[in-house]
Each structure stands twice: as structure tokens, then as C-alpha cells.
Amino acid sequence: MAENTNNQKALYRTIWRWHFYAGIFSIPFVIILALTGAIYLFKPHYEHWQESDYRGLQMSGEALAPNQQIAAALAAIDGGKLLSYRLPQAPDEAVLIKVQGDTNWMVFVNPYTGAVLAKERSDEQLMNIVKTLHGELLLGTVGSILVELAACWAIVLIVTGLYLWWPRNAHGLAGIIYPRLRDGSRTFWRDIHAVTGIWISAFALFLLVTGLPWALVWGAALKEVRAVDFSSQQDWTQSRAQEHDHWRAQASDTFNLTPEVLTAAQQLNLPAPVELSVASTHHISWKASSQTGNRPVRADVWLNGDGSIEKQSGFAEKKLIDRAIGVGIAAHEGYLFGWFNLVLGVLTCVGLILISVSGFILWRKRKPDSVLGAPQPMPARIGFGIVAITIGLAIFLPLLAISLVALLIIEFIFLRRINGVSQWLGLSK
């Protein structure tokens, strides 16, 4: 019995140690991801406000032909090529025409006069900057890998945190389901950390897992798996470079957007916003695409020059894996089930920041002087369940497996052999 108790304590200490190291690495990234993620949830509301100057225009006579509107937009950008034409949602709203020049531009055109009301670089839009910061820390490929690695270790952080939280000798629900607020500073912060963690753990894991399709390494592996028998193009990207290639392939300097096509696209009543792009330059067919954030209601319709429907495709026609990822992305971005999805996303982001800050405070309160303050290691016999979970995470998260192997090699070959470093890291007594 005593041996079994000692082994449980040793196992607890080992998992606590991995929880500690996962937190030390991932907490700064978690705070950045939570802040930028919470801001990005309000993207449609911010952009609706941002474009308020381009609504309520003075309508004078008939609107110009769509080709004239596009020509006005292309003339405003040197070497401009058409990317897409966004259908106005009201007669007095400006037309948004996306143009590729030296970079991608958003050009707002008065549909009645052809006047260019504004032209803005897409990469300088606030929400695009937030998105880039969220996905790659404004550091390109290196940033993408760091974010993915942090997300992998954040998953470890949550899984180990659930093990540490699991009530063993508790009396009542205090400190488990709700925090004890009057039992001293250290208990207060411990409970804020643990209780907040248990309430948001499932939602945080969901956000981390549904963010993986965008990740550079994990997403590239998924793309290879899809390529085995998937002919359709995935509608999400892993990097700005991939997104740029997508837009470059779509850019066209040959177009003929007839009034018939425009009318037919409007009559489809696809969920807004709806963008028209050139689908084929051979006979100038157009693709009307719903770009709503709620991906399960998106649809694509291909229109001939006379406005007749050539073909159409909806969410139900996608492969199961693409539908699952689409639902996950919609929920991740806060679009799947209305305002409640938005509120849930914000609360999860706030909770992640709270457990990160409280974890840091707990570490500072417990940390002895002159050492890192990691829990002391104890030899433990690892059960089959722990081994299975570790192997499962390593298979599911290849970047985690690589970093774990590298960390163990560095620890056992180098860090344990340097006395000062070993003592500071808590690798030796």
C-alpha cells in the first residue's frame, strides 16, 4: 500500500513537472493568441462599422454597368487585375472590388458615378494584421512554427492540468467547482487557476484543435492526406504565402461581367457577403461565392455569361472531413451559432488569460530564490494509460513529438551534466 501511494505521489509530481514546463513555454503565446483571437471574433462587426462611410450613398439615375465599375477600380491601381466583385447588399451601398497590383487592394466604387471612394491595402487592414499576429506573430514561417508548437504544448498543459485538478481527497466542491475566496492569497490564486481551468478546458481544447488545420506543419500533413483522394481545393490556407498564391491564381485581366450575370447572382440570395470572380476566361463564366463566416451555409454557383447556372456546389457536397473542419473553423471564428458562439469564444479567451496570469502568480509565490522553481523529479512507474495518452498526443501532434524528443535529448545529454544548470532547473536535489 505504501509503495502504491509513493508511486502515485511520484507520478503526480512528474505530471506536475511537465505541466510546469508546458506552462513556462506556452503561457506567453497563449496570452497573445487569446488576446488576438478575442479581437478577431469581432471582425464582422468592426468591418461593418469601418465601411459605414460607403453606405447611404446618393443615388442618381441608373447604376453604371458592372464592367464600368470594375474598370474604374482597376484604373486606380497600377497594373491592376480583378480578384473579385462583392455584391452590394443595398442599392445605396458602394461596390467593393478587390484588385491585385503590387499587393492586394480593396477598392470602393460608387456604382452610380464610378468614382473611387477609397482604396486600401488588404494587408494593412486592422483585422488582417490581427489575423497575421494570431497565426504567425508577424514573423512569417518561424512565427507559424512557434505558434503551432505553443498550441501543441498548450494541449499538454490542459491535459496535465485536468489530471492535477482531479479531486482525490476533497471534501465538498470548494476549490474544485468554485474558488475559495477567503482562505488566503495562495489558495485564492490556486483556486482561480484550477477552477477557471476546469470550466474552460473543453472549450480551450476545442479552439486549439480546430486551429490546427491552419497550422503550417499539421495543416501541410492534412493537405497531403486530402491529396490522396480529394480533388477539390481546400478553402483554408496555412500561411500568407499560400494565401497570396491562391489570390494570384484567381486574378484576371480578362472579364465581362454582364448585367445578366449580376442580376442572376443577386437573385440566388446566397448568404452575404457574396463575391463574383472570373471562373473561366475561355467563355467568361463567373463564380458566385458566399463568403459568410458560417461555413455550413456557404455555397458556390457557376454562372454563364447569359446568367444561366452552369453548376453549383454547397456544403453538403463536400467530403466528410472538409465538412467537419468547416464546422470547426466556423465555431472557432465565432460564426456557427450566432451571438452565443461569440460570447462563448470571448469567455474562453478571457479564461485562458486568467489561468495564464494566475499560473504565473502561483509560480512567483512558490518559487524559491535562485532557482527556476520546477517541481522536484521523483522516480515513478508510468502506467499504461499515461503512456497511451503520450503516444497518442505525439502521433496526433508531430511537432509536439519532435520537440519532446529534442527536449529529452537536451536534458539527459547536456542539462543534467551541468551542475549549476541542473540545480536551477530542478533536475537534481
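Quick note: structure is the one above.
No experiment lies behind these values; they were computed from the predicted model shown.

**Q** It is not clear to me how the packing of helix H6 (residues 185-210) against helix H10 (residues 320-332) should be interpreted in this structure. Could you clarify?
**A** The description of two helices packed together rests on the angle between their axes and the distance between the axes. Running from N to C, H6 and H10 point in directions that differ by 120 degrees, and their axes come no closer than 9 Å. On the basis of the axis angle, H6 is oblique to H10. The handedness of the crossing between H6 and H10 comes out as left-handed. Taken together, the residues of H10 that come into contact with H6 (itself represented by Phe 206, Leu 207 and Thr 210) are Gly 328, Ile 329, Ala 331 and His 332. A class-by-class count of the residues in the contact of H6 with H10 yields 4 nonpolar, 3 polar and no charged.

**Q** Where do I start with the sheet that holds strand S2 (residues 95-100) in this structure?
**A** Sheet strands pair by backbone hydrogen bonding; their relative direction is either parallel or antiparallel. Strand order in the open sheet made by the 8 strands is S4-S3-S2-S1-S5-S6-S7-S8, with antiparallel pairing throughout. The open sheet has two free edges, formed respectively by strand S4 (116-121) and strand S8 (309-314), since each of these has just one partner strand. With direction set aside, neighbouring strand axes in the sheet form an average angle of 25 degrees. The strands that helix H9 (residues 259-267) touches are strand S1 (81-86), strand S5 (274-280), strand S6 (285-290) and strand S7 (299-303); relative to S7, the one it contacts most, it runs at about 155 degrees.

**Q** Can you help me understand the packing of aromatic side chains in this one?
**A** The geometry of an aromatic ring pair is captured by the separation of the ring centres together with the interplanar angle, meaning the angle of the planes. Applying the stated criterion across every chain yields a total of 12 aromatic pairs. Relative to Phe 29, the ring of Phe 25 lies with its centre 5.3 Å away and its plane at 45 degrees, an arrangement referred to as tilted. Of this pair, Phe 25 and Phe 29 both sit in helix H1 (residues 2-40), separated by 4 residues, roughly a single helical turn. Summarising the aromatic geometry, the rings of Trp 165 and Trp 166 are spaced 6.1 Å apart at their centres and angled 80 degrees between planes, so their arrangement reads as edge-to-face. Using a relative accessible area of 15% as the deciding quantity, one classes Trp 165 as buried. For Trp 166, a relative accessible area of 56% translates into the label exposed. Members of the aromatic cluster, joined through ring pairs, are Phe 337, Trp 339 and Phe 340. Its guanidinium or amino end placed over the ring of Trp 105, Lys 119 lies 5.9 Å from that ring's centre, counting from NZ or CZ. The aromatic ring of Trp 302 is capped on one face by Lys 311, whose charged end is 4.6 Å from the ring centroid.

Here is what the cut-offs are and how they apply
Residues numbered from 1 in each chain as written. Predicted model: local features only at pLDDT ≥ 70, side-chain atom pairs only at ≥ 80, totals over all residues. Heavy atoms only, no water. Axes fitted to C-alpha atoms, helices over the stretch in contact; angles between N-to-C directions. Helix = DSSP H or I, 4+ residues; strand = E, 2+ residues; numbered from the N terminus. Parallel < 35°, antiparallel > 145°, perpendicular 65-115°, else oblique. Left-handed = near helix turned anticlockwise from the far one by under 90°. Contact = heavy atoms within 4.5 Å. Nonpolar A, V, L, I, M, F, W, Y, C, P; charged D, E, K, R; others polar. Pairing = 2+ DSSP bridges. Phe/Tyr/Trp six-rings, centres within 6.5 Å; stacked < 30°, edge-to-face > 60°. Buried < 20%, exposed > 50% of the residue type's maximum accessible area, 1.4 Å probe, protein only. Lys NZ or Arg CZ within 6 Å of the ring centre and 35° of its normal.

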